[in-house]
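Architecture and fold: a report
The chain contents come next:
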Amino acid sequence: MKNSLSQSPADWTQSLRRKLRLGEGMVEASLFGVGFLTIFITLAITIVLGDQALLFFAEPEVTLKEFFLTNTWQPQIGDFGIWALVSATLTTSAIAISVALPLGLSAAIYLSEYASPRARSLLKPILETLAGIPTVVYGYFALLFVSPIVRNLFGAEKVGVYNMLSAGLVMGIMILPLIASMSEDALSAVPNALREAAYAMGATKLEVSAQVLVPAAFSGIGAAVIVGISRAVGETMIVAIASGAGPKFSFSPLDAAETMTGHIARISGGDLPYGTIDYTSLFAIALMLFLVTLVLNLISQWIVAKFREQYE
């Protein structure tokens, strides 16, 4: 106590600065450690996938031409056409984004421009609750609720219990909160000056939303769409439960087909001996899925950088 009272203001200020520098150094070291850990984990995943995938492609019966250009996937008899799995992945993801984009963007515009503060505070948490529902629940919802409706609409003779349409529709509901939340944040970030200028010129609220705010927030909305597609491509439980088992090259939503993630989940649950071609083929599929997700993320970053609007 005496020492602190005996310190001059200059000594006390210098001591405080040393403590602040020490605290800033600890925060900087922690952030560096987290960033390094993230990069390390990503590299470790890439190395493991690449190492095991190389074992698959080293097999004499596997060729890159067959893997990328054929559409029959049956490793047991030597058929390794990845398009049998990619087609189902693309189909379910396309259905999901066709549902989530218009509904999510509409919800974002309503929350950002039309809803009162009371309504926004009530509706946004309810919307985001959908993101917390386990995907296995979504899967059985698609199988037991959506699929019977689809079969009644298109005919039970044309649509089986398992089909890509039901899985895609429910995947769209699952990613809807993600797109709505990110799009709403992008719309809210648009300066009020643009809104006021448009209203001053006689534009209606709908015209302001569609012709001013959406183009101004396009980079954020585009990034939300790409992130939503990535989420749909990587979804496992919904497609594993509702889309169907068994690889099939088809772009018809009414068919039952297996996606890349669904196939990995189904085969991994069995008793696969280590080092067999069935085992290493899973890593080749996972590597393909990893590359698709990486490309989507790169596209997202390009969209943000290309169409970002900077306001002062």
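How each quantity is defined
Residues numbered from 1 in each chain as written. Predicted model: local features only at pLDDT ≥ 70, side-chain atom pairs only at ≥ 80, totals over all residues. Heavy atoms only, no water. Helix = DSSP H or I, 4+ residues; strand = E, 2+ residues; numbered from the N terminus. Rg over C-alpha atoms; globule rule 2.2 N^0.38 Å. Buried < 20%, exposed > 50% of the residue type's maximum accessible area, 1.4 Å probe, protein only. Contact = heavy atoms within 4.5 Å. Areas by Shrake-Rupley, 256 points an atom, 1.4 Å probe, with all protein chains shown as cover. Lys, Arg positive; Asp, Glu negative; His and termini not counted. Charge placed at Lys NZ, Arg CZ, Asp CG, Glu CD. Domains from an automatic or database assignment. Buried area = accessible area lost by both parts, 1.4 Å probe. Salt bridge = Lys/Arg side-chain N within 4 Å of Asp/Glu carboxyl O. Polar contact = N/O pair within 3.5 Å; in protein donor to acceptor, adjacent residues only side chain to side chain. Nonpolar A, V, L, I, M, F, W, Y, C, P; charged D, E, K, R; others polar. Bend = angle between axes of the 7 residues up to and from the residue. Axes fitted to C-alpha atoms, helices over the stretch in contact; angles between N-to-C directions. Parallel < 35°, antiparallel > 145°, perpendicular 65-115°, else oblique. Left-handed = near helix turned anticlockwise from the far one by under 90°. Phe/Tyr/Trp six-rings, centres within 6.5 Å; stacked < 30°, edge-to-face > 60°. Lys NZ or Arg CZ within 6 Å of the ring centre and 35° of its normal. 1 Å grid on protein atoms, 1.4 Å probe; cavity = no way out; pocket = protein on both sides within 12 Å on 5 of 7 lines; lining within 4 Å. Points joined across faces, edges and corners; volume = space filled by probe spheres on them.

1. Considerations on the overall build of the chain
Scanning the chain from N- to C-terminus turns up 13 helices and two strands. In terms of C-alpha radius of gyration, the chain reaches 26 Å, well past the compact-globule figure of 20 Å for 312 residues. Relative to its full complement of 312 residues, the chain shows a buried share of 38%. Long-range pairs, those at least 24 residues apart, make up 70% of the contacts in the chain with a sequence separation of at least 6. Taken as a whole, the chain presents about 17,600 Å² of accessible surface, with 67% of it coming from carbon and sulfur. Separation of charge centres in the chain, based on 18 positive and 22 negative side chains, amounts to 12 Å.

2. Thoughts on the domain arrangement of the chain
Split by domain assignment, the chain resolves into domain 1 (2-58) and domain 2 (73-311). Domain 1 and domain 2 are separated by 35 Å when their C-alpha centres are compared. Contacts between domain 1 and domain 2 engage eight residues on the former and twelve residues on the latter. For the pair domain 1 and domain 2, the summed buried area comes to about 870 Å², and 84% of that belongs to carbon and sulfur atoms. Contact with domain 2 buries surface across domain 1, with Leu49, Gln52 and Phe56 losing the most and accounting together for 68% of the total. Here domain 1 and domain 2 share zero salt bridges between them. At the junction of domain 1 with domain 2, the criterion picks out zero residue pairs in polar contact (both at pLDDT 80 or more). Class assignment for the residues of the side of domain 1 that touches domain 2 results in six nonpolar, two polar and no charged.

3. Brief notes about the pattern of salt bridges
Inspection of every chain in the model, using the stated rule, returns six salt bridges. For Arg195, the salt bridge goes to Glu113, with nearest N and O atoms at 2.9 Å. Residue Arg195 is located in helix 8 (residues 192-200), and its partner Glu113 is located in helix 4 (residues 83-114); the two are separated by 82 residues in the primary sequence. Here Arg195 matches Glu113 in class, with each residue buried. In this structure, the salt-bridge partner of Glu258 is Arg266, at a minimum N-O distance of 2.5 Å.

4. Considerations on helix 6 (residues 135-154)
Along helix 6, the sharpest kink reaches roughly 40 degrees, centred on Val146 and followed within four residues by the proline Pro148. Among all positions of helix 6, only Thr135, Tyr138, Gly139, Ala142, Leu143, Val146, Ser147 and Val150 are buried. Those residues of helix 6 hidden inside the fold are in contact with helix 7 (164-188), helix 10 (218-233) and helix 11 (237-242). At the C-terminal side of helix 6, Gly155 shows a positive phi close to 100 degrees.

5. A word on the packing of helix 4 against helix 10
Each pair of packed helices can be described by the angle between their axes along with the distance between the axes. One can describe the packing of helix 4 onto helix 10 by two numbers: an axis separation of 9 Å at closest approach and a directional angle of 140 degrees. Between helix 4 and helix 10, the crossing angle belongs to the class labelled oblique. When you trace helix 4 past helix 10, the crossing you get is right-handed. Listed contacts from helix 10 to Thr89, Ser93, Ala96, Ile97, Leu101 and Leu105 of helix 4 are Ile221, Val225, Ile229, Ala232 and Val233. Taken together, the residues of the contact of helix 4 with helix 10 break down into nine nonpolar, two polar and no charged.

6. Here we look at the packing of aromatic side chains
Applying the stated criterion to the full structure yields 13 aromatic pairs. Both rings, one in Phe32 and one in Phe36, keep their centres 6.4 Å apart while their planes meet at 20 degrees; by these two values the pair is stacked. Pair noted here: Phe32 and Phe36 are both in helix 2 (residues 9-57), with a separation of four residues, about one helical turn. Looking at Phe32, the relative accessible area reads 62%, which means it is exposed. Look at Trp73 and Phe80: their rings are 6.0 Å apart centre to centre, the planes differ by 85 degrees, and that puts the pair in the edge-to-face class. Like Trp73, the residue Phe80 is buried in the burial classification. One aromatic cluster is present, built from ring pairs that chain together Phe56, Phe57, Phe67, Phe68, Trp73 and Phe80. Across the ring face of Tyr114, the terminal group of Lys205 is positioned such that the distance to the ring centre comes to 5.5 Å.

7. Thoughts on the layout of surface pockets
Gaps between atoms show up when a probe of the same size as a water molecule is rolled over them. For the largest pocket, the calculated volume is near 190 Å³. Looking at the largest pocket, it is lined by 16 residues, and the ones nearest its centre are Trp73, Pro75, Gln76, Pro247 and His263. Where the lining of the largest pocket is concerned, the elements lending two or more residues are strand 1 (73-74), helix 12 (260-268) and helix 13 (277-307). Sort the elements by how many residues they give to the lining of the largest pocket and helix 12 lands first, with three residues. Counted by class, the lining of the largest pocket contains seven nonpolar, six polar and three charged residues.

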